[in-house]
Protein chains: 2
Amino acid sequence: MSGKKSSLTVADVARAAKVSKATAARVLGGYGIASETARKAVLEAAETLGYQPNDLARSMSTGRSGLVGVIVGDIENAFFSQAVRGISDTLRAADLNLIISNSSERLSEEIEMVSVLLRQRVAGLIVAPTDARHLDHLKAALAAGTPVVTLDRHVPELEADAICGDDRESVGRVLRRLHEVGHRQIAYVTAMETTDGKLGKLEDIGISAVRERITGFLTHMREAGVEKPANLVFVGATGDDETSLVVTRILERSPPITAILASDSLIGARIFRELSDRGLKLPQEMSLVSWFDADWTRVTSPRICVVDQPTYRFGQEAAERLIARLKGDASPPQVFVIPTPLLERGSIGAARSD
Amino acid sequence: MSGKKSSLTVADVARAAKVSKATAARVLGGYGIASETARKAVLEAAETLGYQPNDLARSMSTGRSGLVGVIVGDIENAFFSQAVRGISDTLRAADLNLIISNSSERLSEEIEMVSVLLRQRVAGLIVAPTDARHLDHLKAALAAGTPVVTLDRHVPELEADAICGDDRESVGRVLRRLHEVGHRQIAYVTAMETTDGKLGKLEDIGISAVRERITGFLTHMREAGVEKPANLVFVGATGDDETSLVVTRILERSPPITAILASDSLIGARIFRELSDRGLKLPQEMSLVSWFDADWTRVTSPRICVVDQPTYRFGQEAAERLIARLKGDASPPQVFVIPTPLLERGSIGAARSD
DNA sequence: ACTACATATGACACCGGTCTCATATTTAAA
DNA sequence: TTTAAATATGAGACCGGTGTCATATGTAGT
């Protein structure tokens, strides 16, 4: 009850209970065997002294650590914070805790964080890798025996389980729907930064989800008979000002663009604001579809049609895979693709025919 | 470069560098002194072997842990995830990492998490305490020498620094503004659960921010000459259905309620949806003010007037306080009140005069 | 009563670092 | 040249648990 200050150890408890350190440790650590008499004495002593086990020391000698490292692009983003909640809830049930860190989608920070987490001897890692072309740090983790699960992104060259959405297909679903109601000139807007503000080679896109979506977009648009669909991919929508610029370019385009796809909910919200600031009416004058079912998409008028990425489930699945690996599952790495259905809402309308 | 599997230790490096374990440790740990010759030999050996320090062992022997425990109500909530980002960024700069956990605003889970974190021997705790009336676990942490900073909430009985908004005053600002444009019957809606669905004694409200706001609401309403303002406090808006019910009760009230205050952005969004589903026009037929400048408040029409709680800064300040404590600051605990200005937007209109 | 085997317990090495202290080597001062 | 002081280094204890192994006690079996 009363909080002693200096930490007391099994040895202290043992002394009080008049048994050896080993016996006390067996009782308190819940391993080995001890007589009922000894057990009672130890537990009572621990109780009255207010003994608190030291997990650091435990991890030290067992080698197991009870902590899982999580590296996401940005916890502030609901996409990731939901996933983290899913991870957290699932890990908790398995008596694991999570150390969280932000990469800010920067490779250097991701590398740094992996290193920090490995120093902490985390039991495993859940990472949303920033760049599929630089994997040494993650490979090193695997080589050191730390299982890795990638979240929202898949890197085939990495011997790690992956949880991700059906990115390529989801683009297909959206485009098919838009095509049905007459849209041909459709813009895809994403945050990805490029040196020249133009879409480069697909292989150079570091984030797999982004690459898959753009690939899907180009493929499906081409199939639908649109020429040079690459011109309809707008990159660099990283902040408010940049997005404003992108919207301007979209609206100036001829033949006129009649629908916009926003690759995530932050971009979606920015585009929506830009459009309504400029007085455009959704869905009559412009259709809009965003990825991720964020809060804001349900308070606009019209409500915004979204590709629903169940990120809480992403997190759950990732944590479950990791737990399985920690329990010794040594089967070959798997990719878990989670369906991301299109939620129909009022922001899709028939294409203008002007 | 190549990832060895079994972890190698300072002893291994020392052997390779042909120096003693102590010397190698001094070089690798960056403490004590070593000759330039020895330093070079050790660093080179470490490099070629691919040595990775073990922070667990380090914490073990130093007693310092490099990890800070954070307990929030719900990371999924942007209010907290922003704060966590602020904490994370600030801790990072001080070479600290963060273990995060959710209390789900339940005392039992909070107690459990504090215990888990103390077992991990975290260097400090940042907590949004769920119940100001049950503090034994936090007091125990303090007694064990683990500094605690409370986030968004203040508990005077706890010898801990607190970072919070100016809750009571913010309510005053909102009410004054509404009063100016003619509102008298103003509802305050909050998530707090009570046994009978009615507002009980103020002292029984466990979350200080909630208590402060309601106290402020009652005081200011009374000063403005409104009788029985307690009848205008609506509790139990915990989910969609519950909020729907609350809105119904608000709309049926006579004399008619002309403005609604939502205690957080989740409730605000729900209320907004309810109102627009029922076809009410903001701000002509109802004014709405929410706490927290969430994304959704800027995509509605009209945009929603909010009390801006800069939670990223809450997090920053909390982390800074904690870091100061870890550095040895032993001054008496302080409360840092962060201003939460009212952001005027279109959702406040003149009161109906029917 | 004596061997056989399960149960209980204590002594002690170990995990991988830090850190104290005593000793060895170098440099500066007298 | 001798002594004092500064600099380097190694041996080994320590942090607080886990876990091995040898010994002690208890219970059967014959």
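About the cut-offs
- Residues numbered from 1 in each chain as written.
- Chains lettered and ligands numbered in written order.
- Predicted model: local features only at pLDDT ≥ 70, side-chain atom pairs only at ≥ 80, totals over all residues.
- Heavy atoms only, no water.
- Helix = DSSP H or I, 4+ residues; strand = E, 2+ residues; numbered from the N terminus.
- Rg over C-alpha atoms; globule rule 2.2 N^0.38 Å.
- Buried < 20%, exposed > 50% of the residue type's maximum accessible area, 1.4 Å probe, protein only.
- Contact = heavy atoms within 4.5 Å.
- Areas by Shrake-Rupley, 256 points an atom, 1.4 Å probe, with all protein chains shown as cover.
- Buried area = accessible area lost by both parts, 1.4 Å probe.
- Salt bridge = Lys/Arg side-chain N within 4 Å of Asp/Glu carboxyl O.
- Domains from an automatic or database assignment.
- Pairing = 2+ DSSP bridges.
- Least-squares fit on C-alpha atoms with pLDDT ≥ 70 in both.
- Expected span 1.5 Å × (residues − 1).
- Arc of directions from axis to C-beta.
- Near = heavy atom within 4 Å.
- Polar contact = N/O pair within 3.5 Å; in protein donor to acceptor, adjacent residues only side chain to side chain.
- Nonpolar A, V, L, I, M, F, W, Y, C, P; charged D, E, K, R; others polar.
- Axes fitted to C-alpha atoms, helices over the stretch in contact; angles between N-to-C directions.
- Parallel < 35°, antiparallel > 145°, perpendicular 65-115°, else oblique.
- Left-handed = near helix turned anticlockwise from the far one by under 90°.

- Per an unreviewed UniProt entry, chain A goes by Transcriptional regulator, LacI family and derives from Alloyangia pacifica.

Topic: the overall build of chain A
And then number 1: Along its length, chain A carries 12 helices and 12 strands.
And then number 2: What you see for chain A is a C-alpha radius of gyration of 26 Å, clearly larger than the 20 Å of a compact globule of 354 residues, by over 25%.
And then number 3: The dimensions of chain A, computed from C-alpha atoms along their principal axes, are 90 × 40 × 30 Å.
And then number 4: Every one of the 354 residues in chain A was classed for burial, and the buried ones make up 54%.
And then number 5: Here the analysis covers contacts within chain A between residues at least 6 apart in sequence; of these, 69% occur between residues at least 24 apart.
And then number 6: Here chain A has roughly 15,300 Å² of accessible surface; of this, 51% comes from carbon and sulfur atoms.

Focus: the interface of chain A and chain B
And then number 1: Counting residues at the interface gives 49 residues for chain A, matched by 50 residues for chain B.
And then number 2: Contact between chain A and chain B buries roughly 4,800 Å² in total, counting both sides, with carbon and sulfur atoms accounting for 54%.
And then number 3: Three residues, Leu56, Arg85 and Val299 of chain A, lead the burial of chain A against chain B; their summed loss comes to 14% of the area buried on that side.
And then number 4: Viewed at the interface, chain B and chain A are joined by 6 salt bridges.
And then number 5: Put simply, Asp74 of chain A and Arg85 of chain B hold a salt bridge, and the shortest N to O gap is 2.7 Å.

Quick look at the domain arrangement of chain A
And then number 1: Partitioning chain A into domains gives domain 1 (10-62), domain 2 (67-165 + 311-338) and domain 3 (167-308).
And then number 2: Using only C-alpha atoms to locate each centre, domain 1 of chain A and domain 3 of chain A end up separated by 61 Å.

Let's talk about the sheet that holds strand β6 (residues 186-189) of chain B
Residue and element names in this part refer to chain B.
And then number 1: An order of β7-β6-β8-β9-β10-β12 is seen for the 6 strands of this open sheet, with the pairing classed as mixed. Each edge of the open sheet carries a strand with a single partner, namely β7 (233-234) and β12 (342-343).
And then number 2: The sheet contact formed by strand β10 (residues 305-307) and β12 spans 2 bridges and is antiparallel. Of the residues in β12, the one forming a bridge with Val307 is Leu342.

Considerations on the relation of the copies chain A and chain B
And then number 1: Superposing chain A onto chain B takes a rotation of 180° plus a shift of 0.1 Å along the axis, which leaves an RMSD of 0.1 Å. What the rotation and shift describe, once combined, is the action of a two-fold rotation axis.
And then number 2: When the interface residues of chain A are mapped onto chain B, 100% of them again fall at the interface, so both copies present the same face.

Some details on helix α10 (residues 240-252) of chain B
All names here are of chain B.
And then number 1: Under the 1.5 Å per step criterion, the end-to-end length of α10 is 19 Å for 13 residues, consistent within 8% with the ideal 18 Å.
And then number 2: Within α10 the residues assigned to the buried category are Thr243, Ser244, Val246, Val247 and Ile250. Taken down its axis, α10 places every buried residue within 160° of arc, on the same side. Opposite the buried face of α10, by more than 90 degrees, sit the exposed residues Asp241, Leu245 and Glu252.
And then number 3: The inward-facing, buried residues of α10 abut β6, β7, β8 (259-262) and α11 (265-277).

Here we look at the side chain of Asn97 of chain B
And then number 1: Tracing the backbone through its elements, the reader meets Asn97 of chain B in strand β2 (residues 97-102).
And then number 2: The exposure class assigned to Asn97 of chain B is buried, which follows from its relative accessible area of 5%.

Here we look at the protein's contact with DNA strand D
And then number 1: In the vicinity of DNA strand D lie 29 residues, with Val10 and Ser61 of chain A together with Ser20, Thr23 and Ser35 of chain B positioned nearest.
And then number 2: Within 4 Å of the protein, the atoms of DNA strand D are drawn from sugar and phosphate moieties in a proportion of 63%.
And then number 3: In this structure, Ser61 of chain A approaches DNA strand D through a side-chain N or O atom, which is 2.7 Å from a sugar or linking oxygen.
And then number 4: For DNA strand D, a phosphate oxygen lies 2.8 Å from a polar atom in the backbone of Ser35 of chain B.
And then number 5: Elements with a minimum of two residues in the surface near DNA strand D: α2 (21-29) and α4 (55-62) of chain A together with α2 (21-29) and α4 (55-62) of chain B.
And then number 6: In terms of residue count, α4 of chain A provides more of the surface near DNA strand D than any other element does, 5 residues in total.
And then number 7: For the surface near DNA strand D, the residue count by class is 14 nonpolar, 9 polar and 6 charged.

Considering the packing of α4 of chain A against α4 of chain B
And then number 1: Where α4 of chain A meets α4 of chain B, the axes come as close as 9 Å, and the angle between the chain directions of the two elements is 135°. Judged on the interaxial angle alone, α4 of chain B and α4 of chain A are oblique. As for the relative orientation of α4 of chain A and α4 of chain B, their crossing is left-handed in sense. Mapping the contact onto sequence places Leu56, Ala57, Ser59 and Met60 of chain A in α4 of chain A and Leu56, Ala57, Ser59 and Met60 of chain B in α4 of chain B.
And then number 2: A class-by-class count of the residues in the contact of α4 of chain A with α4 of chain B yields 6 nonpolar, 2 polar and no charged.

Some thoughts on the protein's contact with DNA strand C
And then number 1: Taken together, 29 residues surround DNA strand C, and among them Ser20, Thr23 and Ser35 of chain A together with Val10 and Ser61 of chain B come closest.
And then number 2: For DNA strand C, the fraction of protein-proximal atoms (within 4 Å) that sit in sugar or phosphate groups is 65%.
And then number 3: A distance of 2.7 Å separates a phosphate oxygen of DNA strand C from a polar atom in the backbone of Ser20 of chain A.
And then number 4: Residue assignment for the surface near DNA strand C shows that the elements contributing at least two residues are α2 and α4 of chain A together with α2 and α4 of chain B.
And then number 5: Looking at the surface near DNA strand C, the element that brings in the most residues is α4 of chain B, giving 5 residues.

Notes on the sheet that holds strand β11 (residues 335-338) of chain A
And then number 1: Read from one edge to the other, the open sheet built from 12 strands follows the order β11(A)-β5(A)-β4(A)-β3(A)-β1(A)-β2(A)-β2(B)-β1(B)-β3(B)-β4(B)-β5(B)-β11(B), with strand pairing classed as mixed. Edge strands, defined here as strands with exactly one partner in the open sheet, are β11 of chain A together with β11 (335-338) of chain B. Strand after strand, the sheet turns through a mean of 20° between neighbouring axes, direction not considered.
And then number 2: Where strand β1 (residues 67-72) of chain B meets β2 of chain B, 6 bridges bridge the pair, whose relative direction is parallel. Following the sheet pairing, Gly69 of chain B is matched in β2 of chain B by Ile99 of chain B.

A few points about the side chain of Thr311 of chain A
Residue and element names in this part refer to chain A.
And then number 1: Considering the arrangement of structural elements, one finds Thr311 in helix α12 (residues 311-326).
And then number 2: Taking the relative accessible area as the measure of exposure, Thr311 reaches 0% and is therefore buried.
And then number 3: Of note is the side chain of Thr311, whose polar atom sits 3.0 Å from the side chain of Gln82.

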